[in-house]
Amino acid sequence: MADGISVDTADLARYRSRASTLSGDIVGAAKSHLAGNLSLPGNLFGDLGEESGLHAGLADQLDRMHTHVHSVAGSVHDLGQSVHTAKGDYEEDEQLFGDQFRRILG
């Protein structure tokens, strides 16, 4: 194995595509399984649930979970974008160094 870094830009392109798909799947799951539960009926736990704070606590927890799932989806998407940027950087470097090498060789 040679010293240095070897990058397969096709792998980076596939990674970005998969990250984008996964991000969309996470958002889709949140919309399908969480969105309908963001609003709890006021009488869900009766007066005791309201007075004890159970209703408000559960509503807050559901809201934070929904926000967190969307944050995870955003992070997955951002990672895919970063990998795409790195792919472009590798391709530009390869072109630049290849051009310099060809100039040296004449």
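Counting restarts for each chain, with residues numbered from 1 along the sequence as it is written. pLDDT decides what is reported in this predicted model: residues at 70 or higher carry local features, side-chain atom pairs at 80 or more are listed and counted, and totals for whole chains, interfaces and linings draw on all residues regardless. For side-chain calculations, the full set of non-hydrogen atoms in the structure is used, while hydrogens and water are omitted.

## What to know about the environment of H66
And step 1. Numbering goes from the N terminus for both helices and strands, where a helix is a DSSP run of H or I of at least four residues and a strand is a run of E of at least two. With respect to the helices and strands, the residue H66 is situated in helix α3 (residues 54-105).
And step 2. Residue H66 is classed as buried on the basis of its relative accessible area of 14%.
And step 3. Between the C-alpha atoms of H66 and K31, which are 35 residues apart in sequence, the distance is 9.0 Å.
And step 4. Any pair of residues with heavy atoms lying within 4.5 Å of one another is described as a contacting pair. Residues within four places of H66 in sequence aside, it is in contact with A30, L34, A35 and L38. Each residue's exposure class comes from its accessible area (1.4 Å probe, protein chains only) as a fraction of the maximum for that residue type: buried when under 20%, exposed when over 50%, partly exposed otherwise.

## Let's talk about the packing of helix α1 (residues 9-33) against α3
And step 1. Running from N to C, α1 and α3 point in directions that differ by 165 degrees, and their axes come no closer than 8 Å. The angle between the axes of α1 and α3 places the two elements in the roughly antiparallel class. For α1 against α3, the interelement crossing comes out left-handed. Every axis in this analysis is a line fitted to C-alpha atoms, fitted for helices over the stretch in contact. Angles between the N-to-C directions lie between 0 and 180 degrees. Angles below 35 degrees are treated as roughly parallel, those above 145 as roughly antiparallel, those between 65 and 115 as roughly perpendicular, and all remaining angles as oblique. In a left-handed crossing the near helix is turned counterclockwise from the far helix by less than a right angle, and in a right-handed crossing that turn is clockwise.

## Here we look at α1
And step 1. Here the expected length of a helix is defined as 1.5 Å per residue gap, with one fewer gap than residues. For α1, built from 25 residues, the straight-helix expectation of 36 Å at 1.5 Å per residue is met to within 8% by its first-to-last C-alpha distance of 36 Å.
And step 2. Along α1, the residues classified as buried are L12, A19, S23, I26 and A30.
And step 3. Packed against the buried residues of α1 are α3.

## Let's talk about the confidence of the model for the protein
And step 1. Predictor confidence is given residue by residue as pLDDT, running from a minimum of 0 to a maximum of 100. Overall, the predicted model of the protein reaches an average pLDDT of 89, with 98% of residues at or above 70.
And step 2. Ranking the helices and strands of the protein by mean pLDDT puts α1 first, with 93, and helix α2 (residues 46-52) last, with 84.

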